[in-house]
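As a plain string of letters, each chain reads:
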Amino acid sequence: MSLTISGYMRQFYKGNSFGATATGRSGQSKGDLLSADMKAIRRAVDHLEDYDYEEGEGGELMNKVQAFVNTYNNYIDSAKNMDNTDVNRYLSKMKKLTKEYAGELEDIGISIKSSGKLEIDKKALQDTGRYQVGLLFSEDAEFSKMSDKYVKNMSRMFIRNNLNVQKQSPQKQPSDSTPPAAGSTALSARQTVNAFVGNHIDYML
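Not measured: the values here are computed from a predicted model.

Definitions and cut-offs
Residues numbered from 1 in each chain as written. Predicted model: local features only at pLDDT ≥ 70, side-chain atom pairs only at ≥ 80, totals over all residues. Heavy atoms only, no water. Axes fitted to C-alpha atoms, helices over the stretch in contact; angles between N-to-C directions. Helix = DSSP H or I, 4+ residues; strand = E, 2+ residues; numbered from the N terminus. Parallel < 35°, antiparallel > 145°, perpendicular 65-115°, else oblique. Contact = heavy atoms within 4.5 Å. Nonpolar A, V, L, I, M, F, W, Y, C, P; charged D, E, K, R; others polar. Buried < 20%, exposed > 50% of the residue type's maximum accessible area, 1.4 Å probe, protein only. Polar contact = N/O pair within 3.5 Å; in protein donor to acceptor, adjacent residues only side chain to side chain. Expected span 1.5 Å × (residues − 1). Salt bridge = Lys/Arg side-chain N within 4 Å of Asp/Glu carboxyl O. Core = buried A, V, L, I, M, F, W, Y, C linked by side-chain atoms within 4.5 Å.

## Examining the packing of helix H1 (residues 5-12) against helix H3 (residues 30-50)
Stage number 1. Running from N to C, H1 and H3 cross one another at 120°; their axes reach a closest spacing of 8 Å. By the angle class used here, H1 and H3 are oblique. Taking contact as the criterion, the partners of Tyr8, Gln11 and Phe12 in H1 are, on H3, Lys39, Ala40, Arg43, Ala44 and His47.
Stage number 2. When grouped by side-chain class, the residues that make up the contact of H1 with H3 number 4 nonpolar, 2 polar and 2 charged.

As structure tokens, then:
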């Protein structure tokens, strides 16, 4: 069943529905946002991999792609805002991967901004064949597999390093020296662990 873009966003952010909206994100900690975004982007990739690229509804695909882009952009923001050397390393890998597929993304109406975020030309996406979108997002597509791999590896690092206590980049000093509330770090880590345990067909979306 096809959902609206916001409907898919709520599915991607299951367990932290506030992460799906700009207003809901404003009151959350950096660590909680990154945790929510890592889970959401993996769900977004799963949704696109599960789509039927031979007979699926065009509107469903368009909404899923747009929800993926929104989630990806949230992830770029939250990873950058952590200001952590390990997080930055994985973020750089994701940005590099996306740049490697810039041409294929452009073919379906998605461009890469200077910030590393993605931007959709809705008309170009609407005019794209399902096969072309599948080259990036189907189950066997390298872009979707590598995107999932990088986020999965980052989430493992996030848990291993207990990143609610931030490890700052060498060139910057921590902006907030207030210690976290007792038990909040362990709770966040626990929540993160629980959440991670052919033929071209022309169509109009």
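Further notes follow.
## Focus: the environment of Arg130
Stage number 1. As for its position among the elements, Arg130 is in helix H8 (residues 130-137).
Stage number 2. For Arg130, a relative accessible area of 9% translates into the label buried.
Stage number 3. With 75 residues separating them in the primary sequence, Arg130 and Glu55 have C-alpha atoms 8.9 Å apart.
Stage number 4. Of the polar contacts made by the side chain of Arg130, one reaches the backbone oxygen of Glu54; its length is 2.9 Å.

## Re the side chain of Asn74
Stage number 1. Along the chain, Asn74 turns up in helix H4 (residues 58-82).
Stage number 2. Discounting chain neighbours no more than four positions away, the residues touching Asn74 are Met9, Tyr13, Gly19, Arg25 and Asp37.

## A look at helix H9 (residues 142-160)
Stage number 1. Over its 19 residues, H9 runs 27 Å from end to end, which matches the ideal 27 Å to within 8%, given 1.5 Å per residue.
Stage number 2. Those residues of H9 not exposed but buried are Phe143, Ser144, Met146, Ser147, Asp148, Tyr150, Val151, Met154, Ser155, Met157 and Phe158.
Stage number 3. Of the residues trailing H9, Asn162 is marked for its positive phi of about 50°.

## With respect to H3
Stage number 1. Compared with the 30 Å implied by 1.5 Å per residue over 21 residues, the 30 Å span of H3 between its first and last C-alpha is a close match.
Stage number 2. When you tally the buried positions in H3, you get 15 out of 21 residues, the bulk of the element.

## Some remarks on the pattern of salt bridges
Stage number 1. Here the structure, examined in full by the defined rule, presents 7 salt bridges.
Stage number 2. For Asp37, the salt bridge goes to Arg25, with nearest N and O atoms at 2.8 Å. Placement of Asp37 in helix H3 and of Arg25 in helix H2 (residues 22-25) is noted, with a sequence separation of 12 residues between them. Across the pair, exposure class does not vary: Asp37 and Arg25 are buried alike.
Stage number 3. One salt bridge connects Asp148 with Arg42, and the closest N-O pair in it is separated by 3.0 Å.

## Here we look at the nonpolar core
Stage number 1. Core analysis: the biggest nonpolar cluster contains 47 residues, and Phe12, Leu34, Phe68, Tyr75, Phe137 and Met154 have the highest contact counts within it.
Stage number 2. For this core, the secondary structure elements donating two or more residues are H1, H3, H4, helix H5 (85-100), H8 and H9.
Stage number 3. The element contributing the most residues to this core is H4, with 11 residues.
Stage number 4. Residues in contact with Phe12, not counting those within four places in the same chain, are Lys39, Ala40, Arg43, Ala44, His47, Ala67, Phe68 and Thr71.

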